[in-house]
Every structure is written in structure tokens, then in C-alpha cells.
Amino acid sequence: MTASETRPLTAIRSFPSDFLWGAATAAYQIEGAAAEDGRTPSIWDTFSHTPGKVFEGHTGDVAVDHYHRFREDVGIMSEMGLNAYRFSVSWSRVQPTGRGPAVQKGLDFYRALVDELLAAGIEPALTLYHWDLPQELEDAGGWPERATAERFAEYAGIVADALGDRVTRWTTLNEPWCTAFLGYGSGVHAPGRTDPVDSLRAAHHLNLGHGLAVQALRAALPADRQLAVSLNLHEVRPLTDSAEDRDAARRIDAVGNRIWLGPMLDGAYPEDLLADTAHLTDWSFVRDGDTEAVRQPLDLLAVNYYTPTLVSHVPEGAEKPQDDGHGNSEHSPWPGADSVAFHRAPGERTAMGWPVDASALYDLLSRVSAAYPDLPLVISENGAAYEDEVGEDGSVHDPERAAYVHAHLEAVHRALTDGVDVRGYFLWSLLDNFEWAYGYAKRFGAVRVDYDTLERTPKSSARWYGRVARTGELHAPFSD
């Protein structure tokens, strides 16, 4: 039973009056202006310009030109009725080499964006890192090197000094699992490396970078600023109730979830994770005092969710399905889980091939809340790609996306009703954009972008979601 099936679709759900209704984006996916005003290449510039890495050679050089059109985009948010907007800062736009002084023109862009948001009554929610490491830091070793965590803390302080008077909500990292294991493990994301030990080293230094950045932010920001990290936590389900399949789920929970939650919130890496990966590394890159540095008080835990993870155990030598939804590679993004197979659940799927199951979001929120009852949650990403069609009149009717969001908001409301402290929801994404290795082939936006003209057209889901945001009431999706 999905969350949307637990109660009639016609019922109206009311959310708290101070609930955040937002949309989310990421710098490299929307900004463009890749070589303007002092910005230098990030690892995604290099990766997307490498033949064969991104669909049809697409790049973020122009993306949707948000750098020059941000006022138009803020106007769209205002018309939708959003009261919050989650965006990321391009590290190489602010600090081109990843070290040293900031480029003021880069900071000026974000000052102007934040001022435009505030003037429109939209609360800015800033993410410091959404995968776009300055290429010069990658050339020096990237996230597998401890120095990158130290540089990240310095960068955090620079942005805090520039925007701390304007921005209340701060997030250190977005989806460090993807950075570590898709970037350094399977190689389907930038920088495209495929070393399982490096992926674990990267994971630790991302954890350390988070902790050091929180310390830097606390030192630079007013005391009332709210700090968070955004994790794409996996709701892992065993294919059967066998002991072997349940152990497969445990392995993925360890390297998918608890590798972050353990050090960040509990102050230690899980013992079973260390045992699962002992054949790869002795974890000697974790120095004395590191886990204490990683564990810093947070005001919110931000959760990104799209689809559940279904796994089973596979005996040695047997055929192993690897349908984990994270791209195709001969190299696994799951170190320590060689005996685990991934399956996609039956039923409806998005254009990404991801199963639609809102009940998993409810289960995830309930589980995290039970483990950390004093830590408020926010949904920092949730949404779906579909094969949107443009009508003869130029409009885009996307009932599948509205239904997807409705079901997942039903799950959030059910969690709220059951006592889970959820403070807000950010739709992914505001705009169609550069979807990483998929280039411009997958559209997640509530607003359609014509990639030839860059014209913005709100889809029917944007109008429906805007109604929800303006009223704070979850009505069933409507036809228009």
C-alpha cells in the first residue's frame, strides 16, 4: 500500500502555517556562464567536456543561463507562491582555485540573487557544495585527500562572511554519497574515477569537510542561523525475508546511510561497515579526533528521496542484477557489497526508470525520526522526470509529475500526523536543466525550458504545486 492509498485522494490535508514550500536547483545544472567573471572549471566542466562521459556530449556551459536570467526565475517562483528556494553556490565561481581569496564578482552574483529572493518574500536556503569541486583541487587529489576537507572549510568561511547577513539556512554538502561513490567508485559522475578505496577515503574526507565547515560557519554566522547537511538516504528493502537478503539490506544501509549518519550524528563509523570493507582498507586515513570533528550539532537534517532500494543476496558465481538506478558501469559504487544484487520493484516508473513508491518516503522519515527524535527534518529534494509533451498552444500538461508529488506530500503529511518533525518540502526541480550524465535528456522541472530559446514555461504541475504552496493545503491534482 502506498502512502497515497492510505486515505482518499479527495481529502484535503493541511500543513503547518510555517511549513517551507520550496523548489531546489544546483549551480552547475542551471547557471551557465561557465567562463565569466573569473569562474574557472570545476570537475563537472572537465567531465562533461570529456567525450563519452555525458549524453550526446552535453555540457553546462550555458545550461539554462540562470546567471543572467535569475531575476526572471525568481519572478516565476514568486508567481508560483513559493516561500523558499534552495540553491547551491559554485565553489569555482567564488574561489576559482579552491584556495586563496574570493572573486568578488562571483560573490556579487549570489548577493544579488539572495537580495532578489528576499525582496520577493522567498527565503534563501544555501547549499555550499553540490558536486562541483574546483578542478585544481581535483588535480591535487580531490576528495580522497585530507587537504580538500580543509579547503572546503575555508571556502565555507568565505561564503559565510559574504552572505551571513542575508541567509538564514545553510547546508554544507548535498548527497555526499554520490560525490564519493559515483564520482570515485563507479565513475559515472565527475571526476570519473573508479577506485573503491579512494571512494571510501573520499567519503571520510567529505564527512570531515562537513564537520570542519560547520565549525567555520558557526564561527562566522549569527547565532540564529540554521545549519544542515543534505543526504540522499536510501530506504533499503530486502527482496525476501530470508536472513541472506536481510543481510544484503544491512550492507547497503551501512555504506549508503550509516557511513554518514554514524560519524555525523553518533560520532563513530559503524563497526559492521568497517568489517564489510576490511578487505579493501584498514581505514587508517581516519585520524585521532576526526570523528569528534565530524560530529557537530545540526539544526536540521535534510533528506533527498526519489525511489526505494530493493536488494537481495547473490551467491558467489551467480548472475547478479545491478539495477540500482545509478547509471551503468563495470565498477560498483557499493564497496563491501559485492554479494548484493539490486532489483527494481514492479509497477509505475519515472522516465529515469525509477519505481514510484511514496510509502518508502514515509518509512524513511519515520525510521530516521525514531533514531534521532530531537533533530527536525526537511525534504530537500523530491521529484520526478517524465517525457513531457508540449501542446500545440505551447503549454505542458504533466499530470504524472503532479500525481508523483501529491503522493509524496501525502507521505510527508502522514509522517507529520504521526509525530515526525518535518519542517518543509523542496521540489526537485524548479527548472528543466542539465541532468548530470544524462545531459538535457531528462526533464525534472516544474518549469519547462526550451533549450534552443531558453524560454521558460510553467507546466501544469507548477500551477498545481503553487496552489498547494500558497494555501498550505494538499488538494488532489487537477486537470487544466
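Throughout, residues of each chain are indexed from 1 in the direction in which the sequence is written. In view of the model being predicted, local features appear only for residues whose pLDDT reaches at least 70, and side-chain atom pairs are presented and counted only at 80 or more, with totals across whole chains, interfaces and linings using the full set of residues. With hydrogens and water excluded, all non-hydrogen atoms of the structure serve as input to the side-chain values.

**Considerations on the packing of helix α7 (residues 146-163) against helix α9 (residues 196-220)**
Relative to each other, α7 and α9 sit at 30°, their axes nearing to 8 Å. In terms of orientation, α7 and α9 fall into the roughly parallel class. As for the relative orientation of α7 and α9, their crossing is right-handed in sense. Where α7 approaches α9, its residues R146, A149, E150, F152, A153, A156, G157, A160 and D161 are matched on the opposing element by H205, L208, G209, H210, L212, A213, A216, L217 and A220. Amino acids outside the nonpolar list (Ala, Val, Leu, Ile, Met, Phe, Trp, Tyr, Cys, Pro) and the charged list (Asp, Glu, Lys, Arg) are all regarded as polar, and Gly is one of them. Of the residues that constitute the contact of α7 with α9, the class distribution is eleven nonpolar, four polar and three charged. All axes here are fitted lines through C-alpha atoms, helices being fitted over the stretch that makes contact, and every angle between N-to-C directions spans 0 to 180 degrees. Going along the chain from the N terminus, every DSSP run of H or I of four or more residues is numbered as a helix, and every run of E of two or more is numbered as a strand. Orientation is classified from the angle alone, with under 35 degrees giving roughly parallel, over 145 giving roughly antiparallel, 65 to 115 giving roughly perpendicular, and any other angle giving oblique. In this scheme, a crossing is called left-handed if the near helix is turned counterclockwise away from the far one by less than a right angle; it is called right-handed if the turn is clockwise. Any two residues whose heavy atoms approach within 4.5 Å at even a single point are treated as in contact.

**A closer look at helix α5 (residues 104-119)**
Across its 16 residues, α5 extends 22 Å between first and last C-alpha, which sits within 8% of the 22 Å expected from 1.5 Å per residue. Inspection of α5 places G106, L107, F109, Y110, R111, L113, V114 and L117 among the buried residues, and these make up the whole buried set. Of the surrounding elements, those touching the buried residues of α5 are α1 (27-30), α3 (66-80), β3 (84-88), α4 (91-94), β4 (123-129) and α7. Just downstream of α5, G121 is the residue with a positive phi angle, here 75°. Working rule for helices: expected span equals 1.5 Å times residues minus one. The classification of residues rests on relative accessible area computed with a 1.4 Å probe and restricted to protein chains. Under 20% of the type maximum is buried, over 50% is exposed, and intermediate values are partly exposed.

**Considering the layout of surface pockets**
It is the rolling of a water-molecule-sized probe over the atoms that shows where space remains empty. Here a cavity denotes a set of grid points, spaced 1 Å apart and computed over the protein atoms alone, in which a 1.4 Å probe fits but from which it cannot get out, and a pocket denotes an open set meeting protein on both sides within 12 Å along at least five of seven lines; residues with an atom within 4 Å of a point are reported as lining. Grid points are joined across faces, edges and corners, and a volume is the space filled by probe spheres set on the points. Taken as a whole, the largest pocket spans an internal volume of roughly 990 Å³. Lining the largest pocket are 47 residues; nearest its centre among them are L182, G325, H326, G327 and W354. Put simply, the parts of the chain that give the lining of the largest pocket at least two residues each are α8 (176-182), β9 (309-313) and β10 (340-343).

**Considering the pattern of salt bridges**
One side chain can pair with another of opposite charge once the charged atoms of both are near each other. We define a salt bridge as a contact between a side-chain nitrogen of Lys or Arg and a carboxyl oxygen of Asp or Glu at a distance within 4 Å. Following the criterion strictly, the structure yields 37 salt bridges and no others. The closest approach of N and O atoms between E154 and R151, which form a salt bridge, is 2.8 Å. Taken together, the residues E154 and R151, both in helix α7 and three residues apart, mark about one turn of the helix. Taking the relative accessible area as the measure of exposure, E154 reaches 37% and is therefore partly exposed. Classification of R151 as buried rests on a relative accessible area of 18%. Counted as one network, the salt bridges with shared partners bring together E235, D247, R250, R251, D253, R258, D272, D276 and R367.

**Some thoughts on the UniProt feature "active site" (unreviewed entry) in the protein**
UniProt positions are given in the numbering used here, feature names are shortened, and annotations may be inferred rather than shown by experiment. The UniProt feature table records "active site" (unreviewed entry) at E381. Position of E381 among the secondary structure elements: in strand β11 (residues 377-382). A relative accessible area of 4% places E381 in the buried class. Setting aside chain neighbours within four positions, we find E381 in contact with R86, H130, N174, E175, V303, N304, Y305, Y306, F426 and W428. Polar contacts here mean pairs of N or O atoms no more than 3.5 Å apart (in protein, one a potential hydrogen donor and the other a potential acceptor; neighbouring residues in sequence count only if both atoms are side-chain atoms). Polar side-chain contacts of E381 include one of 3.2 Å to the side chain of R86.

**A few points about the side chain of E31**
With respect to the element layout, E31 can be found in the loop between α1 and α2 (43-48). A residue is classified by how much of its surface remains accessible, and E31, at 4% relative accessible area, is buried. Only 2.6 Å separates the side chain of E31 from the side chain of Y110, close enough to count as a polar contact. In this structure E31 touches V62, A63, D65, H66, Y67, S88, S90, R93, F109 and Y110, once residues within four positions along its chain are discounted.

**Some words on the packing of aromatic side chains**
Each aromatic pair joins two rings of Phe, Tyr and Trp (for Trp, the six-membered one) with centres within 6.5 Å, and gets the label stacked for planes under 30 degrees apart, edge-to-face for over 60, and tilted for any other angle. The final tally for this structure, using the stated rule, is 35 aromatic pairs. An angle of 85° between the planes, with centres 6.1 Å apart, marks the rings of W91 and Y129 as edge-to-face. Pair noted here: W91 is in helix α4 and Y129 is in strand β4, with a separation of 38 residues, a long-range link. With a centroid separation of 5.4 Å and 75° between ring planes, the pair formed by Y129 and W143 is classed as edge-to-face. Of this pair, Y129 sits in strand β4 while W143 sits in the loop between α6 (135-139) and α7, and the two are 14 residues apart along the sequence. No difference in accessibility class separates Y129 from W143, as the two residues are buried. Ring pairs connect the aromatic residues Y28, W44, F47, W131, F434, W436, Y440 and Y451, which therefore count as one cluster. Residue placement shows R414 over the ring face of Y362; its charged tip is 3.7 Å from the ring centre. Our definition puts a charge over a ring when NZ of Lys or CZ of Arg is within 6 Å of the ring centre and also within 35 degrees of the ring normal.

**Describing the sheet that holds strand β8 (residues 300-304)**
Spatially, eight strands are ordered β2-β3-β4-β5-β6-β8-β11-β12 in a closed barrel, and the strand pairing comes out parallel. Taken over all neighbouring pairs, the strand axes of this sheet differ in orientation by 25° on average, direction set aside. Strand pairing requires that DSSP identify at least two bridges connecting the strands. Pairing between strand β2 (residues 20-24) and strand β12 (residues 422-428): five bridges, direction parallel. Bridge pairing in β12 links A23 to L427. Sheet strands in contact with α5 are β3 and β4, and its direction is about 170° off that of β3. Against the sheet, α7 makes contact with β4 and β5 (169-174), and its axis sits at roughly 160° relative to β4, the strand it touches most.

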